[in-house]
Amino acid sequence: MGKGREVREESKELVATWSRHVEKVNLLLLYGEHIYSVDIKGNVFIWAFKGVEENWAPVGSISLDDNYGPSCIMHPDTYLNKVIIGSEKGMLQLWNISTKKKLYDFKGWGSPVQCCVSSSALDVVAVGCADGKIHIHNVRYDEELVTFTHSSRGAVTALSFCTDGQPFLASGGSSGTISVWNLEKRRLQSVIRDAHDGTITSLHFLANEPVLMSSAADNSIKMWIFDASDGEGRLLRFRSGHSAPPLHIRFYKNGRHILSAGQDRAFRLFSTIQDQQCRELSQRHVSKRAKKFKVKEEEIKLKPVISFDCVEIRERDWCNVVTCHMDTPYAYVWRLQNFVLGEHILSPCPGRPTPVKACAISICGNFAILGTEGGWIERFNLQSGLSRGSYIDISVSNGCAHEGAVVSIACDSTNSNLISAGYHGDIKVWDFKGHELKSRWEIGCSVVKFVYHRGNGLLATVADDMAIRLFDIIAVRIVRRFVGHTDRITDLCFSEDGKWLLSASMDGSLRIWDVILARQIDAMHVDVPITALSLSPNMDTLATSHADHNGIYLWLNQMMFSGSCNVDFYGSGKEILSVQMPSVSTSKGIEDEETPDLDDKDLFANKEVSTYFHKQIPDLITLSLLPKSQWQSLVHLDIIKVRNKPVEPPKKPEKAPFFLPTIPSLQGEVSFKPNAVAAVEENMNSEHSQLVHDKHQPALSSQFFQLLYSSSETKTCECFLQLLFFSCFFYLVESSNAYGSMA
């Protein structure tokens, strides 16, 4: 942490910056409505959240004793306005932050205090020391309750009490091991060995759950669950990145993923869309082999990758990535379809094995070409892993392709030519199938690396003189030379269309060169030098890795999202735009005092800023100044219209009744009637209403209802009663006859 503090809201916008410390701030504590910041000299400042926009001054400050060396700060539960500050001398102090007075000095344990946490029990805290001891202490009576020791696992750097009812205390050390202690039995409950590859910085039990969160210096956060009967913890899920700075990066799958290789011996695939898709490529049962041989996983992994190449065309068929490793005389292949290490190991020149320094894959995805430190170049079939011949220059004394080490290899777009460069500055073009040398030329100085663009056939080389040279492979001559970097060039890459060349240097500058105009069109400077870069195929995103930084930073191309750009302002190379490193903040990373305040209207009005804004020339086509994302779909406008044409005309939705019919039930639940039952009952109700209310036409045609209806009309019942009498008489006669026949 620096000398100032930043406050951000949930929208990630910068609200305030507090700067009162003179020394480095190493501790922060959020308690109530205040933030407490402590620097290495023992100065404690109290900052308020409320009214932060109006008042940026601290509301109070505390000065600790000279040479106290604060190492941790915590608030004991139920202690109002009290904090405990630990020291590197092994002492503890209890302070009242309201009155700014020291209340009590604890004797300490003679070892630097690394961490201190409060337990769910009243007046009880746990203190972790550098000697590997954990002290459960009662701060009310200044008494030692119990002490745990695990000196073999290094200093205690993190502590956390379990809150789900189990009497457990989790501790993390500098060795990356997590220990769980049983407070009731006062013994070690379980151990998670090699939980992290670095020092554990934080532990936290989730509230009322047997789940432990851990984070460490290896750039990972892990979740452990203790659901087994023996109390052992298992890994539930995790998120991780490179634990050491990445050395090489490359966009993959049309810019949706990034392949990255770092000094931590990991080969990773990052997603630029969803973080859940980020993963490390498997190196075949590293954890099992590490447990079997009782070593760390890092010792089992392959050595750091120094170069790799990939293609997408054969991803579903066989391995499509080849990697070269540090001081390794063979190369490995990977299958990104399954995210695993391939079954073949490519070993060039078995008679004289030397470390592999360069690799390339043909555009068809069938062949891999390897170059070694001894100058040997050999081609392999990726499907079978067998050798398909080597490239030998008869004029070379050692019987190889180059006198010195092969620094770079590339293939053209038709598998006709193979380009290789030696460390001593010789560049050679080979016949891909015939293995004969076609042409060669000398640069005059040592070549560091080169980048070949298959679309335009240009080769960009980097030499020790910090100059970039572009060669035409077909014409075998130099066509461009770019000079501007003042320190060693670390990486360079072409844009997808071949019009731009991007280069980075250890002087912290990133420069963009226009290949057609033979000039620099943009330049910026960052605080940390760029070690690797890659431009997405859509040319909208730039990925960079930096020295001593474990992350991969993404930059957006402003020309893709705005209709105008200030090209000439930084095109001369005299003015370099200083920018801050990208972060999770949405605030502007460009310094206001160094950025020209020009909007679109000013750019069009000022003729000195850009020379590209001219009037339309008669009988010629004038290209649009709008970004590509706004006009690239116009080319396929007819296809879009056909695809979006409706299959059938829209249907009018059915009208729902105002009152929904329901079925009565004894349980009190409301159940709706089906549509068919409701329709039948509706028809019956309509017929009944027609029978009752229609007095002109009888609804039924039987004689009985006709006489009944006529009696009601004439108000005489003689005919109806006669019919009823005779009907009853005939019924009785038929009943008696039927009874006699049965007897």
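Chemist: I keep staring at the pattern of salt bridges and nothing clicks. Help me out?
Modeler: Pairing between side chains becomes possible if they bear opposite charge and their charged atoms approach one another. Taken as a whole and judged by the stated rule, the model has 14 salt bridges. A salt bridge links D309 to R250; the shortest N-O distance between them is 3.2 Å. One end of the pair, D309, is in strand β27 (residues 305-310); the other, R250, is in strand β23 (residues 246-252), with 59 residues separating them in the sequence. Taking the relative accessible area as the measure of exposure, R250 reaches 30% and is therefore partly exposed. Its salt-bridge partner being R440, residue E442 comes within 2.6 Å of it at the nearest N-O pair. A relative accessible area of 37% means that R440 is categorised as partly exposed. Members of the salt-bridge network, linked through shared partners, are D393, K428, R440 and E442.

Chemist: What am I meant to see in the environment of S243 here?
Modeler: Relative to the assigned elements, S243 resides in the loop between β22 (234-240) and β23. Remark: the alpha-carbon pair of S243 and D197, spanning 46 residues in sequence, is separated by 8.2 Å. Excluding its chain neighbours within four sequence positions, the residues that come into contact with S243 are D218, N219, D264 and N550.

Chemist: Help me out: how do you make sense of unusual backbone geometry in this one?
Modeler: Positioned with a positive phi, M466 is a non-glycine residue whose angle comes to about 60°. Tracing the backbone shows M466 in the loop between β40 (458-463) and β41 (467-472).

Chemist: Explanation requested: a nonpolar patch on the surface in the structure shown.
Modeler: A surface patch of nonpolar side chains, amounting to about 380 Å² of accessible area, comprises L626, W631, L634 and L637. Mapped onto the elements, L637 comes out in helix α7 (residues 637-644). L637 gets classed as partly exposed once you look at its relative accessible area, which sits at 36%.

Chemist: Can you help me understand the confidence of the model for the protein chain in this one?
Modeler: Close reading of the predicted structure is inappropriate where its pLDDT is low. Of the residues in the protein chain, 81% reach a pLDDT of 70 or more, and the chain-wide mean stands at 82. In this model, residues 585-614 is a region of pLDDT below 50 whose contacts with residues beyond four sequence positions or in other chains number 44 contacts. Contacts for the low-pLDDT stretch residues 691-700, under 50 throughout, to residues beyond four places or in other chains number 7 contacts.

Chemist: Could you clarify how one ought to interpret the side chain of H257 in this entry?
Modeler: Mapping H257 onto the fold places it in strand β24 (residues 257-262). The class of H257 is buried, set by a relative accessible area of 11%. There is a polar contact of 3.4 Å between the side chain of H257 and the side chain of Q277. Aside from chain neighbours lying at most four places away, what touches H257 is R250, F251, Y252, L269, F270, S271, T272 and Q277.

Procedures and definitions
Residues numbered from 1 in each chain as written. Predicted model: local features only at pLDDT ≥ 70, side-chain atom pairs only at ≥ 80, totals over all residues. Heavy atoms only, no water. Salt bridge = Lys/Arg side-chain N within 4 Å of Asp/Glu carboxyl O. Helix = DSSP H or I, 4+ residues; strand = E, 2+ residues; numbered from the N terminus. Buried < 20%, exposed > 50% of the residue type's maximum accessible area, 1.4 Å probe, protein only. Contact = heavy atoms within 4.5 Å. Patch = residues over 30% accessible without salt bridge, like charges linked within 9 Å, V, L, I, M, F, W, Y side chains within 5 Å. Areas by Shrake-Rupley, 256 points an atom, 1.4 Å probe, with all protein chains shown as cover. pLDDT = per-residue confidence, 0-100. Polar contact = N/O pair within 3.5 Å; in protein donor to acceptor, adjacent residues only side chain to side chain.

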